[in-house]
Amino acid sequence: MQSPVKNHNMFPRSELSRGHLDHHNESSARPPSRQKCQTHFNNHQGPENRWMPSSIPPYTSGPPVTNSRKRQHSANTVHNAYITKRQRVESFHSDETFPSFESRPLLQHHCPPQQATSGLSHGTTANVCKYSSPPPYMLGQVPKSPPTPTSLESYTNDKMSAQMVELFEACQQQLSDLHRKETYRARLQKDIQSLYPAARLYLTGSTMSGLGCRSSDADLCLVSNIAKYDEVIDVLSSLLRLFRTLAYVDRVLLIRAKVPILRFKDRGCNLEFDLNVNNTVGIRNTFLLRSYTHADIRIRPLMLVIKKWARHCEINDASKGTLSSYTLALMALNYLQIVKPPVLPSLQRDHPAYFHPSLDLDMVPDRCHCVPRYNSKNQSSLGDLFLGFLKYYWSKFRWDKQIISVREGRTFPKTQSSDWRTKFICVEEPFERRNVARAVYEKARFDTIKAKFAESYRILNEKKDLNSLLPIRAIIDKELAGR
């Protein structure tokens, strides 16, 4: 049996390459004393990387971090390549941060093409590295991104845009929310490792992509060296029994779906978690979305408003035959790629090495910081982009003939394959290339979705007031009350 994983960072280093990672075994001795290093990145384009011991301080409750608070950053410091780190990606409007997975630092000036990695992908088992020691390009510092806009002010020159920023500021995930989830994840991983010592538990989804709200639940991915569906069910069944003995876990439920999950709540704050096993594509698409949120300052506010709009219209629930939040995010990104001039490029097309489906999981988070900022010529306000999104899917997009592809940065015709041809809405998953909108299988639900786009565009185009679509004050009050 393997020794337990000692790291409890949000993305612990894999120990599963042929039973372990060669470059993270006992021969890779760490220095006797740990140091700290901070590397400041310009605004929201890059993280403030704090190199610190692998354990994190216990979360202490307190008031949410306010938007007016400032951080002090130290000057660049020389660091040792073997010091463990936790990355923190700064929000551009608050002190919200996104601790990322532990990883070794990258070159100071550039990130090289993908090195030899292999392993199963697409939601089966974790991909593993095959080099025997840390490659040379992992021994420098993470590169700084170019300067980027620090404010949304230039994109909020109308009433609707200002309302969107108000909603975003009030509802976006705060540092206190993130710390609560991370502390819970670390505690849960420690208990899980009593059964599966080599397993690693990752936070994924909107918590880590930058698209989370204060009320957002948390997604967890448990990475282990199993692959078969029956084995996954066995693991989840064992965890079900374990979780029912833990005082801080409540209402545990095993859901036997295509991707089976354990759903449970934190007994202390009623926060809901969904835990899957080896659905590693969720880790990859989490950091793809995070890369897009870094590409333009308007992405996160726009995405949050789109999600709140869809939720208010009752078309944002895949379990009820409508659109998942992930599907909505891909639809929004694809619109921003297609609009003229484009707000976003296709990151997978322009930087394929950084988003390769077989890229080792430990390298995934750092790759999103290697992608250079996209300087869009499109200076549309937030309100105009939201209105354009509604209009595009009401009157321009051909639901019966087109497939949405963020991977390609375009749409393409439906093929003769029944996987696409017979579906009402076709949205390609950027890594697995399956249809993530397949939950919309009833024509009545499909018609409702189209009608909501049409109705919302007509109202908003006439009123130019977000309150005509959404009860902004009520949504904000509900968001704050929930946390």
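Above this text sits the structure in question.
Residues numbered from 1 in each chain as written. Predicted model: local features only at pLDDT ≥ 70, side-chain atom pairs only at ≥ 80, totals over all residues. Heavy atoms only, no water.

K.L.:
Requested: an account of the pairing of strand E8 (residues 249-255), with residues and values cited.
P.N.:
Direction of pairing for E8 relative to strand E9 (residues 261-266): antiparallel, over a ladder of 5 bridges. Along E9, the bridge assignment pairs Leu254 with Leu262. Hairpin connection of E8 to E9: 5 residues between the antiparallel strands. (Pairing = 2+ DSSP bridges. Helix = DSSP H or I, 4+ residues; strand = E, 2+ residues; numbered from the N terminus.)

K.L.:
An account of the side chain of Gln402 is needed here, citing residue identities and associated values.
P.N.:
With respect to the secondary-structure elements, Gln402 resides in strand E11 (residues 402-405). Looking at Gln402, its side chain comes within polar contact range of the main-chain nitrogen of Arg398, at 2.7 Å. Here Thr411 takes part through its side chain, which lies 2.9 Å from a polar atom of the side chain of Gln402. Excluding residues that lie within four positions of it along the chain, Gln402 makes contacts with Lys396, Phe397, Thr411, Phe412, Lys414 and Cys426. (Polar contact = N/O pair within 3.5 Å; in protein donor to acceptor, adjacent residues only side chain to side chain. Contact = heavy atoms within 4.5 Å.)

K.L.:
Could you give me a rundown of the packing of helix H1 (residues 159-171) against helix H10 (residues 382-396), with the residues and numbers involved?
P.N.:
Here H1 crosses H10 at 95°, and the two axes come no closer than 7 Å. It follows that H1 is roughly perpendicular to H10 by the angle criterion. Facing H1, whose interface residues are Met160, Ser161, Met164 and Val165, H10 presents Leu382, Gly383 and Phe386. Taken together, the residues of the contact of H1 with H10 sort by class into 5 nonpolar, 2 polar and no charged. (Axes fitted to C-alpha atoms, helices over the stretch in contact; angles between N-to-C directions. Parallel < 35°, antiparallel > 145°, perpendicular 65-115°, else oblique. Nonpolar A, V, L, I, M, F, W, Y, C, P; charged D, E, K, R; others polar.)

K.L.:
Any chance you could break down the sheet that holds strand E6 (residues 200-204) for me, citing the residues and the numbers?
P.N.:
Reading across the sheet, the 5 strands line up as E6-E7-E10-E9-E8 and stay open at both edges, with mixed pairing between neighbours. Edge positions in the sheet fall to E6 and E8, since each of these pairs with one other strand and no more. Across the sheet, the mean angle separating the axes of adjacent strands is 25° when strand polarity is ignored. The strands touched by helix H2 (residues 175-192) within the sheet are E6, strand E7 (218-223), E8, E9 and strand E10 (272-277), with E6 carrying the most contacts at an inclination of about 155°. Against the sheet, helix H5 (residues 281-295) touches E6 and E7, its axis set at about 40° to E6.

K.L.:
Before we move on, could you go through unusual backbone geometry and cite the residues and values that matter?
P.N.:
In this chain, Lys340 is followed by Pro341 through a cis amide linkage whose omega measures -15°. By the secondary structure assignment, Pro341 is in the loop between helix H7 (325-338) and helix H8 (347-350). One non-glycine residue, Arg433, adopts positive backbone phi at about 65°. With a relative accessible area of 48%, Arg433 lands in the partly exposed category. Positive phi values are uncommon outside glycine, yet Lys464 reaches one of about 55°. Mapped onto the elements of the fold, Lys464 is located in the loop between helix H12 (443-463) and helix H13 (472-482). (Buried < 20%, exposed > 50% of the residue type's maximum accessible area, 1.4 Å probe, protein only.)

K.L.:
How would you summarise the pattern of salt bridges if you had to cite specific residues and measurements?
P.N.:
Per the stated rule, a full pass over the model turns up 20 salt bridges. Of the charged contacts, one joins Glu442 and Arg445 as a salt bridge, the two residues approaching to 4.0 Å between their closest N and O atoms. We classify Arg445 as partly exposed; its relative accessible area is 37%. In the salt-bridge network here, residues are joined through shared partners; they are Arg407, Glu408, Arg410 and Glu428. (Salt bridge = Lys/Arg side-chain N within 4 Å of Asp/Glu carboxyl O.)

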